[in-house]
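Architecture and fold: a report
For reference, the chains in residue letters:
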Amino acid sequence: MGLDLLTTTRAFRRRLDLTRPVDPADLLACLDIATHAPSGTNRQPWRFVVVRDPDLKRQVADYYRKGFAAYLSARTPRPDQLADLASGRYLAEHLHEVPALVVVCALGRPPAEPSVPGAASFYGSVYPAVWNFMLALRERGLGTTLTTAHLRYEHEVAEVLGIPDTEATQVALLPVAHLLPGPDTPAPRRTPAAELTGWDGWNRPLTGERT
Ligand SMILES: Cc1cc2nc3c(=O)[nH]c(=O)nc-3n(C[C@H](O)[C@H](O)[C@H](O)COP(=O)(O)O)c2cc1C
């Protein structure tokens, strides 16, 4: 699939096949690819919990729905966000039906004293693995969406799954399923890099060279 993989891997929600099981061997192969991501001083602080048991999925999904509802009630969406939110609502309603929920954790807790380098190292040492995982899934015809809505209930979900939340922090929940057929077009609504990039300083245009 080459570079297309990078531009067409998007938030898959309605295209998740809720009826077809996902092979654990596929999940493990994709998680192996996740572990090739960079991390600060190669700490590899990621841990994964794959949830397939229907009762556990329902409990996690109930907390997700509460978190998602709180997120929705705290904001007034722009008109261009309405379609995304409708698809987000669809995912929330069906989360317990998705064949596998993969909870990604970081070893340790975020720095108690917020610091820019500390936060960058903590979260930045796990999210590249999340993205590797998403790309590896897509390569195999599987899909997911990076979600965080359940994190308002991090402690409760930790209890459900036996995650020791004094020493590990949940950073994302990825509902994984086979992809139903659909258009594999690049993710829309992206601002071109030329409008976001400064050259030799913030917002400074590139002059005298062709782009
Ligand atoms: C840090 C982060 C948190 C997110 N949390 C949620 C979430 O809780 N629920 C959800 O449905 N989507 C969530 N998303 C997915 C975004 O809505 C999605 O990536 C974005 O709208 C782009 O979608 P597209 O690639 O399909 O255009 C999250 C994405 C990121 C990067």
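Preceding this section is the structure that the text describes.
Anyway, here's the lowdown on the structure attached to this text. Quantities reported herein were computed from a predicted structural model and do not represent experimental measurements. For every chain, the first residue of the written sequence is number 1, and numbering continues from 1 onward in sequence order. Totals for whole chains, interfaces and linings use all residues, but because this is a predicted model, local features are given only for residues with pLDDT of at least 70 and pairs of side-chain atoms are given and counted only at 80 or more. With hydrogens and water excluded, all non-hydrogen atoms of the structure serve as input to the side-chain values.

Describing the sheet that holds strand E3 (residues 142-143)
Whether parallel or antiparallel, the strands of a sheet pair through hydrogen bonds between backbone atoms. Two strands qualify as a pair provided DSSP detects at least 2 bridges between them. Labels follow the DSSP assignment, with helices taken as runs of H or I lasting at least four residues and strands as runs of E lasting at least two, numbered in each case from the N terminus. An order of E1-E2-E4-E3 is seen for the 4 strands of this open sheet, with the pairing classed as antiparallel. Each edge of the open sheet carries a strand with a single partner, namely strand E1 (46-51) and E3. Pairing between E1 and strand E2 (residues 100-107): 6 bridges, direction antiparallel. Bridging from a neighbouring strand, Arg47 pairs with Cys105 of E2.

A closer look at the packing of helix H2 (residues 24-34) against helix H6 (residues 127-139)
Under this scheme, a helix contributes an axis fitted over its contacting stretch, all axes are lines through C-alpha atoms, and angles between N-to-C directions fall in the 0 to 180 degree range. Two numbers describe how H2 lies on H6: the axes approach to 7 Å, and their chain directions differ by 140°. In terms of orientation, H2 and H6 fall into the oblique class. Both H2 and H6 take part in a crossing whose hand is right-handed. Judged by residue contacts, Leu27, Cys30, Leu31, Ile33 and Ala34 of H2 engage Ala129, Asn132, Phe133, Ala136 and Leu137 from H6. Here roughly perpendicular refers to angles of 65 to 115 degrees, roughly parallel to angles under 35, roughly antiparallel to angles over 145, and oblique to all remaining angles. Throughout, a crossing is termed right-handed when the near helix is turned clockwise from the far one, and left-handed when it is turned anticlockwise from it by less than a right angle. In this analysis, two residues are considered to be in contact whenever any of their non-hydrogen atoms come within 4.5 Å of each other.

Observations concerning the environment of Met134
Tracing the chain through its elements places Met134 in helix H6. Categorising residues by exposure relies on relative accessible area from a 1.4 Å probe, with only protein chains included: less than 20% of the type maximum marks a residue as buried, more than 50% marks it as exposed, and the intermediate range marks it as partly exposed. We classify Met134 as buried; its relative accessible area is 6%. As a C-alpha pair, Met134 and Thr144 span 10 residues in sequence and 6.7 Å in three-dimensional space.

Here's the deal with unusual backbone geometry
Look at Gln44: it is not a glycine, yet its phi comes out positive at around 50°. Along the chain, Gln44 turns up in the loop between H2 and E1. Of note in this structure, Asp200 is not a glycine but carries a positive phi near 60°. Within the fold, Asp200 resides in the segment after strand E4 (168-178).

Side note on the site of the ligand
If you check the shell around the ligand, you find 13 residues, and the closest are Arg10, Arg13, Tyr64, Leu146 and Arg190. One of the side-chain N or O atoms of Arg10 is found 2.9 Å from an oxygen atom in the ligand. Methods summary: accessible areas were calculated by the Shrake-Rupley approach with a probe of 1.4 Å, and residue burial reflects only the protein chains presented. Taken by itself the ligand offers 630 Å² of open surface, and the protein chains cover 68% of this. Taken together, the residues of the shell around the ligand break down into 5 nonpolar, 4 polar and 4 charged. To be near a molecule or strand, a residue needs just one of its heavy atoms within 4 Å of it. Pairs of N or O atoms are called polar contacts if they sit within 3.5 Å, as long as, within protein, a hydrogen donor faces a hydrogen acceptor (for residues adjacent in sequence, only side-chain-to-side-chain pairs). Residues were grouped as follows: Ala, Val, Leu, Ile, Met, Phe, Trp, Tyr, Cys and Pro as nonpolar; Asp, Glu, Lys and Arg as charged; and all remaining residues, including Gly, as polar.

With respect to the packing of aromatic side chains
Only centres within 6.5 Å qualify two rings of Phe, Tyr or Trp (six-membered ring in Trp) as a pair; their planes then separate them into stacked at under 30 degrees, edge-to-face at over 60, and tilted for everything else. Under the defined criterion, the tally for this structure stands at 4 aromatic pairs. With centroids separated by 5.0 Å and ring planes inclined at 85°, the aromatic side chains of Phe122 and Tyr123 adopt a geometry described as edge-to-face. Judged by its relative accessible area of 10%, Phe122 is buried. Through successive ring pairs, a cluster of aromatic residues spans Tyr64, Phe68 and Tyr71.

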